[in-house]
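Reading the structure
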Amino acid sequence: MRRVPDRLRRSDLTRTVDERGEVVAVDELDGGLVELSARLPLLAERTLPGQFAQLRCGPGPVPLLRRPFSVAWVAGDVCAFVFERVGEGTRRLAALHRGDPLDSLGPLGTGFTLPPAAGRVLIVAGGLGCAPFPLAACWARRSGREVTVLSGAATAARLYPPERYRRGDGGISVIEATDDGSRGHRGLVTDLVEAHLDASVVALWACGPNPMLATLAGAIGRADAALLPSVAEASLEAPMGCGFGTCLGCALPVDDGDGRRWALCCTEGPVMPITAVDWERLRELPPAHVA
Amino acid sequence: MRRVPDRLRRSDLTRTVDERGEVVAVDELDGGLVELSARLPLLAERTLPGQFAQLRCGPGPVPLLRRPFSVAWVAGDVCAFVFERVGEGTRRLAALHRGDPLDSLGPLGTGFTLPPAAGRVLIVAGGLGCAPFPLAACWARRSGREVTVLSGAATAARLYPPERYRRGDGGISVIEATDDGSRGHRGLVTDLVEAHLDASVVALWACGPNPMLATLAGAIGRADAALLPSVAEASLEAPMGCGFGTCLGCALPVDDGDGRRWALCCTEGPVMPITAVDWERLRELPPAHVA
Amino acid sequence: MSRELTLDPRVDLGRGLLLPNPVGVASGTFGYGFEFEHLVDIQRLGAIYTKGTTPLPRAGNAPPRVAETAAGMLNSIGLHNPGVEHVATAYAPRFAGWRVPVVVNVAAATVEEYVDCLRRLEIDGVAGIELNISCPNIANGLDFGRDAAAAGRLVQACRAATSRCLIVKLSPNVTDIGAVARAVEAAGADAVSAVNTYIGMKVNLGSGRPVLPGRGTGGLSGPAIKPLALAAVAAVRAAVSLPVVGVGGIAEPADALEFFVAGADAVQVGTANFTEPGAAIRVLDGVVAYAEAHRLGRLTELRAVPAPQPA
Amino acid sequence: MSRELTLDPRVDLGRGLLLPNPVGVASGTFGYGFEFEHLVDIQRLGAIYTKGTTPLPRAGNAPPRVAETAAGMLNSIGLHNPGVEHVATAYAPRFAGWRVPVVVNVAAATVEEYVDCLRRLEIDGVAGIELNISCPNIANGLDFGRDAAAAGRLVQACRAATSRCLIVKLSPNVTDIGAVARAVEAAGADAVSAVNTYIGMKVNLGSGRPVLPGRGTGGLSGPAIKPLALAAVAAVRAAVSLPVVGVGGIAEPADALEFFVAGADAVQVGTANFTEPGAAIRVLDGVVAYAEAHRLGRLTELRAVPAPQPA
Ligand SMILES: Cc1cc2nc3c(=O)[nH]c(=O)nc-3n(C[C@H](O)[C@H](O)[C@H](O)COP(=O)(O)OP(=O)(O)OC[C@H]3O[C@@H](n4cnc5c(N)ncnc54)[C@H](O)[C@@H]3O)c2cc1C
Ligand SMILES: Cc1cc2nc3c(=O)[nH]c(=O)nc-3n(C[C@H](O)[C@H](O)[C@H](O)COP(=O)(O)OP(=O)(O)OC[C@H]3O[C@@H](n4cnc5c(N)ncnc54)[C@H](O)[C@@H]3O)c2cc1C
Ligand SMILES: Cc1cc2nc3c(=O)[nH]c(=O)nc-3n(C[C@H](O)[C@H](O)[C@H](O)COP(=O)(O)O)c2cc1C
Ligand SMILES: Cc1cc2nc3c(=O)[nH]c(=O)nc-3n(C[C@H](O)[C@H](O)[C@H](O)COP(=O)(O)O)c2cc1C
Ligand code: FES
Ligand code: FES
């Protein structure tokens with residue numbers, strides 16, 4: 001049986017830089033999504049798809065810690081981030097104005113892997129899991145791959161706009177699902193995977209809520225070995241103190257070549273082989289989020 | 001000997017209200033002065049000259065405490081405050097934009113007293129001590145008094161603009177002094193007092209650095225009894241926790257009818273009979289300001 | 001769908017002190033209530049815990065008395081108060097006409113002085129006593145609060161001196177707050193409140209000295225200490241079965257709810273009163289709304305007692 | 001006007017450990033220095049205090065391990081570290097090539113384990129030992145730090161086991177930090193560092209439980225604790241004559257200067273490293289600039305020892 005690799009990689013901190021950028025725009029998309037773009041030349045030059053930056057969300061000690069955000073897309077020396085107002089940090093980022101300073105520490109973390117083989121890249125994005133994929137899809141296209149994005153959200157308004165995924169590239173096809181059926185398939189985005197996971201797929205990249213990713217991991221586990229892509233990766237989240245492997249705060253349960261252990265989301269992730277994550281243990285952990 | 005009254009008064013908290021206003025303008029004056037005006041109908045209606053408001057300087061818990069500011073002037077339902085960027089609170093106020101919310105708790109504290117007798121009001125303002133006087137001068141004029149403002153600052157740029165004192169009223173005359181002689185008298189504003197403290201003066205109102213006020217208190221103490229105005233008041237400062245007499249944080253040394261004791265700047269002041277303040281003890285206290 | 005109110009908001013602190021609701025205002029942050037009468041409807045509060053009251057009037061410490069820190073404030077008020085006699089004669093009769101229970105916070109230097117104060121407060125208008133054994137801003141102010149045996153002896157004497165509900169306010173500046181709580185429980189306290197302020201310092205680089213006078217320290221309060229106060233309340237909850245009044249950094253309804261999870265039976269809003277006179281009422285309304293939305297009968301249903309902390 | 005440099009930035013912590021300057025980075029906030037090598041010029045630091053190192057490798061606690069609070073953060077890392085053997089064999093040789101002194105922070109459960117670790121670290125590259133007797137995130141992690149007698153016995157045994165400069169890191173979660181400082185001074189410590197984190201809690205209302213695992217508590221660090229750490233340093237300064245390394249909430253040069261006024265000989269920058277990898281270097285530059293502007297020969301000239309606190 002062909003197995004997808006489950007060895008975790010480590011991020012390359014030699015490319016990370018603490019950079020003061022300048023806000024270019026804060027776009028309100030539908031459904032509460034915000035797209036923040038900022039002139040961050042070094043991040044723009046160095047970031048790889050799936051990597052993230054630690055953004056400072058205000059001048060004072062509240063919020064104290066930076067917040068991690070995937071680099072959503074890069075255009076020239078501008079980088080964009082997509083998020084929702086969920087707490088103080090995202091509220092403050094959304095309240096920035098053109099010309100305000102924005103501190104970014106990045107790029108950080110592992111990115112997605114593109115195997116050498118020609119073929120299709122299948123992207124599965126749930127909710128805000130859309131964030132890394134405009135950049136990742138565009139990179140796959142530039143590398144000559146076909147790209148299919150399975151894009152899911154609770155409602156039509158909360159779907160990341162397909163034209164923003166494509167960024168003008170017709171080779172990126174977007175297929176949608178909503179929980180309430182207000183656009184595309186009514187149901188979970190994972191319902192769509194089986195139909196699209198055929199032998200042409202060389203890489204599966206996913207980002208979204210843990211239950212979505214766990215379902216996907218299960219599907220990969222059960223899938224016909226002949227259909228398995230050589231790369232099946234998920235981007236995960238954990239509360240972060242630093243983002244570069246020092247605070248040891250962002251532990252996630254994995255079971256890779258080194259056995260069951262805690263891996264650091266910020267340096268051994270956020271992108272991990274989907275089968276390396278110990279989804280069962282992750283489900284049993286108390287929630288990190290404070291509601 | 002005619003003595004100026006030195007009994008402290010108490011502020012009237014029944015008129016105080018916690019009000020959410022809206023910023024109308026943030027004007028940069030010369031020399032780093034900022035004039036912030038906001039629609040605060042209740043404060044505008046209720047405030048008396050010399051009273052102050054506690055302004056919230058940001059949404060989060062940093063800065064934690066509100067900051068006290070004299071009401072500089074009132075026009076319709078708009079109140080203005082004049083200040084300099086000295087720390088986090090004033091920096092955040094100066095960064096507000098038209099339309100932003102502004103929380104005010106006020107009016108607070110005692111105001112200046114206008115004795116019934118006809119005559120002239122002599123105002124002595126040093127540095128940011130200018131803040132309460134556009135409103136106070138205008139009130140004295142509306143009450144039919146002549147007004148002379150002795151206005152001092154370190155440099156010409158840091159003088160509060162005389163036309164803003166007058167607010168179109170020619171009956172308010174402004175005489176200036178600067179430490180460096182860049183405008184008006186070269187020297188301290190208190191140098192000008194003797195020449196203007198004649199028998200026509202019914203009230204002396206002062207606000208500025210403690211050494212200036214102490215000099216003035218000394219001059220009042222030594223002055224010819226026949227020249228003493230029936231009101232001689234100074235507006236003081238103290239670090240404030242609340243602004244309405246509850247935290248007991250804003251103690252100032254006084255020696256009034258009740259003997260030497262601590263008075264609360266927020267409810268027995270900020271405007272106090274200048275001779276009631278224990279200027280000697282005040283000088284010996286450690287500085288409240290953190291530099 | 002009809003929606004009935006499920007919540008019984010009352011909190012029984014013992015010995016006849018039944019708070020109408022669990023959200024009170026902390027000692028030293030609400031005076032004796034009078035300053036707030038015109039600003040908020042103080043009669044809706046669960047309780048007013050008064051400024052620390054001493055046997056004789058106290059003029060308080062020299063200024064500066066307050067200083068701001070990151071998400072917190074330091075104070076060194078030095079128990080500036082009019083003394084127990086004035087409180088008994090001038091204030092208590094007014095308290096007697098209020099719906100809100102007034103708990104008089106008492107501080108003194110010796111057991112005898114505490115006892116005398118408590119005897120003087122056996123009068124109408126005094127709904128309960130909060131024994132401040134933990135004020136960091138007067139000489140020896142912490143001796144009782146930082147020594148479990150001494151605290152026990154003090155509480156025993158006070159218990160004999162008062163028929164009122166006796167709430168002992170614990171100092172957090174100790175190695176084992178649970179041990180002090182156990183000692184005052186054994187000595188006859190009806191309830192404990194936790195916590196008083198944390199000993200802190202701020203330096204004025206201009207003068208090269210601490211900002212606050214005297215030995216330069218003051219008591220830290222505000223949002224900065226909330227996580228510490230929550231841990232202290234959890235430790236007290238694990239140590240005793242008395243009602244626990246939680247206090248420290250509460251500014252929002254969610255903050256108060258955290259204290260109920262940590263084990264509090266009631267809470268006090270402190271420093272937040274300074275920046276928002278209506279804070280406690282807003283916290284109360286938010287807590288009640290949450291309880292109703294979650295169909296709670298009592299707020300103590302939120303409790304998730306953590307394992308006792310090692311001593 | 002010619003301007004000579006007046007400042008001698010070096011700090012002698014004793015037993016041969018001469019720090020090139022007073023600004024180091026705190027244990028657990030800088031790993032073993034490697035993550036920062038590419039982000040900042042770590043060789044300019046006064047010292048690197050390593051992550052707490054234990055006899056055997058430790059996987060650390062289950063997540064969530066960090067949670068933010070007002071101007072602070074809670075952590076419950078659980079001494080996730082590769083163990084002393086790995087540090088001795090893989091890391092120490094690299095430290096030996098560095099200009100910056102590396103002080104290995106050591107934590108263990110028993111006196112014997114501490115002693116074994118210290119013996120293993122009598123090697124090149126280890127410039128000193130910081131004895132962590134105050135980690136709040138492992139069972140019994142606080143027993144030594146919260147009991148002056150136990151701390152004294154531990155330090156006595158460690159003193160015999162190491163020729164290195166022995167810095168004892170004090171817990172602030174005690175009634176009398178000065179008493180613990182005196183005990184470790186008497187037992188032969190060369191210096192003390194103050195403080196470790198404060199025990200705190202945060203509640204997740206969604207789950208109805210504390211955010212952090214286990215008993216639900218973690219260690220509070222960051223700007224929120226700066227006033228508390230300053231008071232603790234002042235208390236330690238008043239209690240002992242050893243060099244004191246101040247730590248707690250330092251993010252700006254002015255913060256570090258406050259610690260020198262309170263009595264510190266050197267400082268550590270902790271949590272600020274997470275949000276600004278260059279924080280400690282910026283603090284160093286600012287402190288030196290201030291000292292030069294004020295023509296100080298030594299930073300200890302800033303000291304304004306407050307009166308000792310009552311026990
Ligand atoms: C590697 C990485 C990349 C990320 N990329 C993105 C992105 O591109 N777009 C985006 O919207 N979000 C992203 N997140 C999540 C994002 O970091 C959080 O939403 C953000 O930190 C919230 O900050 P806040 O101050 O607004 O909320 P807080 O006040 O910190 O928390 C409020 C709410 O935010 C949520 N939250 C807080 N921290 C996290 C976290 N680490 N992970 C998940 N949820 C959290 C919880 O639901 C909580 O109730 C990423 C997280 C990681 C670890
Ligand atoms: C009744 C009253 C009325 C006032 N009216 C005005 C006014 O109209 N215009 C104005 O510019 N200022 C006024 N002040 C002073 C003003 O409140 C302070 O400048 C302000 O609180 C500084 O806040 P910050 O956060 O910017 O500075 P902080 O960060 O709090 O402190 C920075 C600097 O501000 C100064 N400062 C802080 N608090 C005070 C204080 N209470 N008094 C004096 N200086 C202080 C110190 O020099 C310190 O170095 C008034 C003060 C009082 C008590
Ligand atoms: C200015 C001030 C004065 C205080 N005075 C007293 C007091 O007299 N007696 C007392 O028991 N606690 C006193 N406290 C402590 C508070 O009651 C409360 O325990 C503490 O501030 C923590 O709560 P908070 O963070 O909500 O303010 C005082 C607190 C402040 C800020
Ligand atoms: C994530 C984290 C891990 C820590 N780990 C250790 C440790 O292993 N050993 C130790 O002695 N202190 C440890 N500390 C405490 C710090 O060294 C420091 O004493 C404390 O954080 C206060 O300083 P700060 O406010 O500048 O962070 C840790 C602190 C944090 C935030
Ligand atoms: S976020 Fe600090 S180690 Fe991962
Ligand atoms: S500022 Fe609180 S009493 Fe005056």
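Refer to the structure presented above.
Residues numbered from 1 in each chain as written. Chains lettered and ligands numbered in written order. Predicted model: local features only at pLDDT ≥ 70, side-chain atom pairs only at ≥ 80, totals over all residues. Heavy atoms only, no water.

What about the overall build of chain A?
Quick note on the threshold: The helix count covers DSSP runs of H or I at least four residues long, the strand count covers runs of E at least two residues long, and both are numbered beginning at the N terminus. This radius of gyration counts C-alpha atoms alone. The globule rule is 2.2 Å times how many residues there are, raised to the power 0.38. Remark: exposure states derive from per-residue accessible area (1.4 Å probe, protein chains only) relative to the maximum for the residue type, with buried under 20%, exposed over 50%, and partly exposed in between. In what follows, residue pairs with any heavy atoms lying within 4.5 Å of each other are defined as contacts. Every accessible area reported is derived by Shrake-Rupley at a probe size of 1.4 Å, with residue values counting cover from the shown protein chains alone. In this tally Asp and Glu are treated as negative and Lys and Arg as positive; neither His nor the chain ends contributes. A single reference atom marks each charge: NZ on Lys, CZ on Arg, CG on Asp, CD on Glu.
A count of helices and strands for chain A gives seven helices and 16 strands. Relative to the globule expectation of 19 Å for 291 residues, the C-alpha radius of gyration of chain A, 18 Å, shows essentially globular dimensions. By principal-axis analysis of the C-alpha atoms, chain A measures approximately 55 × 40 × 35 Å. Relative to its 291 residues, chain A shows a buried fraction of 59%. Considering only contacts in chain A between residues 6 or more positions apart, those separated by 24 or more positions represent 71%. Total accessible area computed for chain A in this model is approximately 11200 Å², and 51% of it derives from carbon and sulfur atoms. The average position of the 31 basic charges and that of the 34 acidic charges among the side chains of chain A differ by 2 Å.

A short note on the sheet that holds strand β15 (residues 244-247) of chain D
Residues and elements named next belong to chain D. Condition: Here a strand pair is declared whenever DSSP counts at least two bridges between the two strands. Between N-to-C directions, angles span 0 to 180 degrees; the directions come from axes that are lines fitted to C-alpha atoms, helices contributing only their stretch in contact.
Around the barrel, which closes on itself, the eight strands sit in the order β3-β4-β7-β8-β9-β10-β15-β16 with parallel pairing between neighbours. Between one strand axis and the next, the sheet turns by 25° as a mean value, whatever way the strands run. The sheet contact formed by strand β3 (residues 23-25) and strand β4 (residues 47-49) spans two bridges and is parallel. Residue pairing for β4: valine 25 is matched across the bridge by isoleucine 48.

Focus on the interface of chain D and chain C
For clarity, the cut-off: Salt-bridge detection follows one rule: a side-chain nitrogen of Lys or Arg within 4 Å of a carboxyl oxygen of Asp or Glu. Residues adjacent in sequence count toward polar contacts only when both atoms are side-chain atoms; beyond that, a polar contact is any pair of N or O atoms within 3.5 Å, and within protein one must be able to donate a hydrogen and the other to accept it. Residues are grouped as follows: Ala, Val, Leu, Ile, Met, Phe, Trp, Tyr, Cys and Pro are nonpolar; Asp, Glu, Lys and Arg are charged; all remaining types, including Gly, are polar.
Taken together, the contact between chain D and chain C spans 41 residues of the former and 41 residues of the latter. At the boundary of chain D with chain C, the tally comes to zero salt bridges. Along the contact surface separating chain D from chain C lie seven residue pairs in polar contact (both at pLDDT 80 or more). Of all the secondary structure elements, the ones that give two or more residues to the side of chain D that touches chain C are β11 (198-201), β14 (217-221), α5 (226-239) and α6 (253-262) of chain D. Among the residues forming the side of chain D that touches chain C, the class breakdown is 27 nonpolar, seven polar and seven charged.

Things to note about the relation of the copies chain D and chain C
The condition that has to hold: Copies overlap after least-squares fitting; the atoms used are the C-alpha atoms of residues with pLDDT of at least 70 in both.
The transform that puts chain D on chain C rotates by 180° and translates by 0.0 Å along the axis, for an RMSD of 0.0 Å. Considering both components of the superposition, the chain copies are consistent with a two-fold axis. Both copies present the same face, since 98% of the interface residues in chain D are matched by interface residues at the equivalent positions in chain C.

Comments concerning the nonpolar core
Keep this limit in mind: Working definition of a nonpolar core: buried Ala, Val, Leu, Ile, Met, Phe, Trp, Tyr and Cys residues. They are joined through side-chain atoms within 4.5 Å.
With 302 residues, the main nonpolar core has C:Leu131 and D:Leu131 as its most contacted residues. Here C:Leu131 is in contact with C:Val106, C:Tyr114, C:Leu118, C:Leu154, C:Val155, C:Cys158, C:Leu166, C:Ile167, C:Val168 and C:Lys169, once residues within four sequence places are set aside. Core analysis: the next-biggest nonpolar cluster, separate from the first, contains 31 residues, A:Ala72, A:Trp73, A:Ala137 and A:Val147 among them.

Points about helix α8 (residues 279-293) of chain D
All names here are of chain D. Heads up, the condition is: Helix span, as expected, comes to 1.5 Å for every residue beyond the first.
A rise of 1.5 Å per residue sets the reference length of α8, with its 15 residues, at 21 Å; its end C-alpha atoms lie 21 Å apart and thus fit the reference within 8%. Here α8 has its buried residues at Ala279, Ala280, Ile281, Val283, Leu284, Val287, Tyr290, Ala291 and Glu292. Following α8 by one or two positions, arginine 295 adopts a phi angle in the positive range, close to 55°.

Here's the deal with the site of ligand 2
Residues and elements named next belong to chain B. For clarity, the cut-off: For this description, a residue counts as near a given molecule or strand if any of its non-hydrogen atoms is within 4 Å of it.
For ligand 2, the set of nearby residues contains 22 residues, the closest of which are Arg67, Pro68, Val82, Thr90 and Glu237. Here an oxygen atom of ligand 2 and a backbone polar atom of glycine 87 are 3.0 Å apart. Taken by itself ligand 2 offers 840 Å² of open surface, and the protein chains cover 83% of this. A class-by-class count of the residues in the shell around ligand 2 yields 13 nonpolar, five polar and four charged.

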